[in-house]
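Summary of the model geometry
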Amino acid sequence: TQPTQPGAIHVYGKSANGTWGQAARIDAGTRAEDGDGFGRSMASNGQLVAVATSRQRVDLFRVQADGNLMYDNSLQGGDDGFGTHVAVAGNRVFITTGAPTMPARVQVWRPGSDGVWELESELASPDGAADDGFGTVMAAGETHILIGAPAANEAAGAVYAFSLDETSGMWS
């Protein structure tokens with residue numbers, strides 16, 4: 001896709017005879033805009049695919065029983081940095097947000113009991129530095145996440161661990 005055209009993701013799979021080929025093409029559909037950056041970052045847990053755009057939007061797709069992806073929802077952010085990095089674990093989507101001159105944060109989104117996606121929490125770097133790269137690397141499980149900050153500590157880097165207290169619903 002050309003930089004001025006809407007983005008797309010090409011999904012490849014291995015056939016029964018062992019050859020690889022394109023299985024699907026995913027795009028933003030009616031949400032597509034020229035230069036939208038669709039696919040600038042993405043993550044999947046095998047059942048849910050999160051695809052970020054440069055328009056402060058992360059589109060969510062669900063893997064169907066036949067292997068096809070179906071659009072589920074879009075999560076909208078207000079910061080320029082919303083969706084620069086994403087991670088998916090269980091029924092949660094982790095999204096880095098924050099403009100380059102602001103301390104980055106990682107938002108934790110999950111579907112509510114009514115199925116509507118809601119912001120569950122916002123995780124911040126303990127030192128609050130604006131340029132430490134907090135959230136540029138993430139590894140998540142259903143109730144925990146490791147968030148990297150490669151430029152923290154005078155570029156020595158740091159990894160911060162957060163866990164969900166399932167009783168209180170709070171991340172710390």
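Structure first, text after, so check above.
Quick summary incoming for the structure in this document. (Residues numbered from 1 in each chain as written. Predicted model: local features only at pLDDT ≥ 70, side-chain atom pairs only at ≥ 80, totals over all residues. Heavy atoms only, no water.)

Summarising burial for strand β4 (residues 48-52): 5 of the 5 residues are buried, a large majority. A two-sided burial pattern is seen for β4, the buried positions comprising L48, A50 and A52 on one face and V49 and V51 on the other. Examined bridge by bridge, strand β3 (residues 41-44) and β4 share 4 bridges and lie antiparallel to one another. Looking at β4, one finds that A43 is bridged to A50. Taking the residues between adjacent antiparallel strands as the criterion, β3 and β4 are bridged by 3 residues, where G46 takes a positive phi near 95°. Hairpin remark: β4 followed by strand β5 (residues 57-63), antiparallel, with 4 residues in the connecting loop; positive phi at Q56, about 55°. (Buried < 20%, exposed > 50% of the residue type's maximum accessible area, 1.4 Å probe, protein only. Helix = DSSP H or I, 4+ residues; strand = E, 2+ residues; numbered from the N terminus. Pairing = 2+ DSSP bridges.)

This next bit is on the side chain of D59. By the secondary structure assignment, D59 is in strand β5. With residues up to four places along the chain from it excluded, the contact list for D59 reads A28, R31, F38, V49, A50, V51, T53, Y71, N73 and S74. (Contact = heavy atoms within 4.5 Å.)

Looking now at the packing of aromatic side chains. A complete count under the given rule lists 5 aromatic pairs for this structure. Both rings, one in F94 and one in W171, keep their centres 5.8 Å apart while their planes meet at 90°; by these two values the pair is edge-to-face. Taken as a pair, F94 in strand β8 (residues 92-97) and W171 in strand β14 (residues 170-171) lie far apart in primary sequence, 77 residues in all. Residue F94 is classed as buried on the basis of its relative accessible area, which comes to 0%. Note on F134 and F162: the rings are 6.4 Å apart at their centroids and 80° apart in plane angle, and the pair reads as edge-to-face. On the criterion of sequence distance, the pair formed by F134 in the loop between β10 (117-124) and β11 (137-140) and F162 in strand β13 (residues 158-165) is long-range, its members being 28 residues apart. F162 gets classed as buried once you look at its relative accessible area, which sits at 10%. (Phe/Tyr/Trp six-rings, centres within 6.5 Å; stacked < 30°, edge-to-face > 60°.)

For Q56, which is not glycine, the phi dihedral falls at a positive 55°. Residue placement: Q56 occurs in the loop between β4 and β5. One non-glycine residue, A155, adopts positive backbone phi at about 70°. Following the sequence through the fold, A155 ends up in helix α1 (residues 152-155).

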